[in-house]
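Working through the structure, step by step
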Amino acid sequence: QVQLVESGGGLVQAGGSLRLSCAASGSIFSINAMGWYRQAPGKQRELVAYITSGSSTNYADSVQGRFTISKDNAKNTVYLQMNSLKPEDTAVYYCNADLFNRLGARSANYWGKGTLVTVSS
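Residues numbered from 1 in each chain as written. Predicted model: local features only at pLDDT ≥ 70, side-chain atom pairs only at ≥ 80, totals over all residues. Heavy atoms only, no water.

1. As for the packing of aromatic side chains
Overall, the coordinates contain one aromatic pair when judged by the stated rule. Where Y37 meets W111, the ring centres are 4.9 Å apart and the plane angle is 65°; that geometry is what we call edge-to-face. Within this pair, whereas Y37 is found in strand β4 (residues 30-39), its partner W111 is found in strand β10 (residues 108-111), the two being separated by 74 residues in sequence. Take W111: its relative accessible area is 39%, and that puts it in the partly exposed class. The ring of W111 has R45 lying over it, and the distance from NZ or CZ to the ring centre is 4.6 Å. (Phe/Tyr/Trp six-rings, centres within 6.5 Å; stacked < 30°, edge-to-face > 60°. Helix = DSSP H or I, 4+ residues; strand = E, 2+ residues; numbered from the N terminus. Buried < 20%, exposed > 50% of the residue type's maximum accessible area, 1.4 Å probe, protein only. Lys NZ or Arg CZ within 6 Å of the ring centre and 35° of its normal.)

2. Side note on the state of the cysteines
Counted by the stated rule, this structure contains one disulfide. There is a disulfide in this structure between C22 and C95, and the S-S distance comes to 2.0 Å. One disulfide, between C22 and C95, carries an S-S torsion of -85° and so falls in the left-handed class. With a gap of 73 residues between them, C22 in strand β3 (residues 18-26) and C95 in strand β9 (residues 91-100) connect regions that are remote in the sequence. Judged by relative accessible area, C22 falls into the buried class, the value being 0%. (Disulfide = S-S within 2.5 Å.)

Next up, the structure:
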């Protein structure tokens, strides 16, 4: 089994910054990609950013230039540095990982429980 534990959410004023962390643990052979999604009240969950094993990154247009995703392979941890936060960034942020549990296995997808980010105007 694999656990994804997010941290770093909270309340911040518009224009401020937060850094989210997500640590993966458990039965992990290798990680294809890790990323962040968010879900605002009444809206569908959407991709924020992801980073691959080769360190390629992809961002939603709405966060491009403000958010930066990075990872620490040794710790199986992914980070999301969020700068110039806006009220519309308010959402529950979920960590996602696509990984192999063991050599030869098919990849599996896991989700964290989420961390709330609230940006006040």
